[in-house]
Amino acid sequence: MDTKYAKACPSRTVMDVLANKWTLYALGLLRCRDRPLRFTELRRGVEGVTQKSLTQVLRNLERDGLVTRTIYPTIPPRVEYALTDLGRDVGALTGAIADWSKANASRVHAAREAYDNRRD
């Protein structure tokens, strides 16, 4: 079987979104908290992400139907982000990645150390 990942392949569309580390962290945080979160809560919960990067991630997730953005007419305006049904569905995948990472992080670090210490 000849497998090609053509430019028009639907899997590439999805991977373009999910292959971003900040996307996985934002989805994971929304999944773990299981409630809408404000931008500042997301930013505090995803250590190292810049405001610009998180804004772009959330826009992409909203555009792809994984997250809703709700604006409340308060002063200052309150904005909350929540997973959609589609976002909760993808949580099974992102959760599996997180679980695998936790279970195998020490093995990955050991492999990296062995590689870095090789003398080729």
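Below is a summary of the structure that appears in this document. (Residues numbered from 1 in each chain as written. Predicted model: local features only at pLDDT ≥ 70, side-chain atom pairs only at ≥ 80, totals over all residues. Heavy atoms only, no water.)

For the rest of this paragraph, the subject is the pairing of strand E3 (residues 78-83). Extensive coverage of E3 is indicated by the burial of 5 of its 6 residues. Pairing analysis gives 6 bridges linking strand E2 (residues 67-72) to E3, with the strands arranged antiparallel. The residue of E3 that forms the bridge with Ile 71 is Val 79. A loop of 5 residues connects E2 with E3, the two strands running antiparallel in sequence. (Buried < 20%, exposed > 50% of the residue type's maximum accessible area, 1.4 Å probe, protein only. Helix = DSSP H or I, 4+ residues; strand = E, 2+ residues; numbered from the N terminus. Pairing = 2+ DSSP bridges.)

Axis separation between helix H2 (residues 21-33) and helix H4 (residues 51-63) bottoms out at 10 Å; the angle between their running directions is 70°. Here H2 lies roughly perpendicular to H4, going by the angle between them. Seen from H2, the contacting residues are Trp 22, Thr 23, Ala 26 and Leu 27; seen from H4, they are Ser 53, Leu 54, Val 57 and Leu 61. In terms of residue class, the contact of H2 with H4 is made up of 6 nonpolar, 2 polar and no charged. (Axes fitted to C-alpha atoms, helices over the stretch in contact; angles between N-to-C directions. Parallel < 35°, antiparallel > 145°, perpendicular 65-115°, else oblique. Contact = heavy atoms within 4.5 Å. Nonpolar A, V, L, I, M, F, W, Y, C, P; charged D, E, K, R; others polar.)

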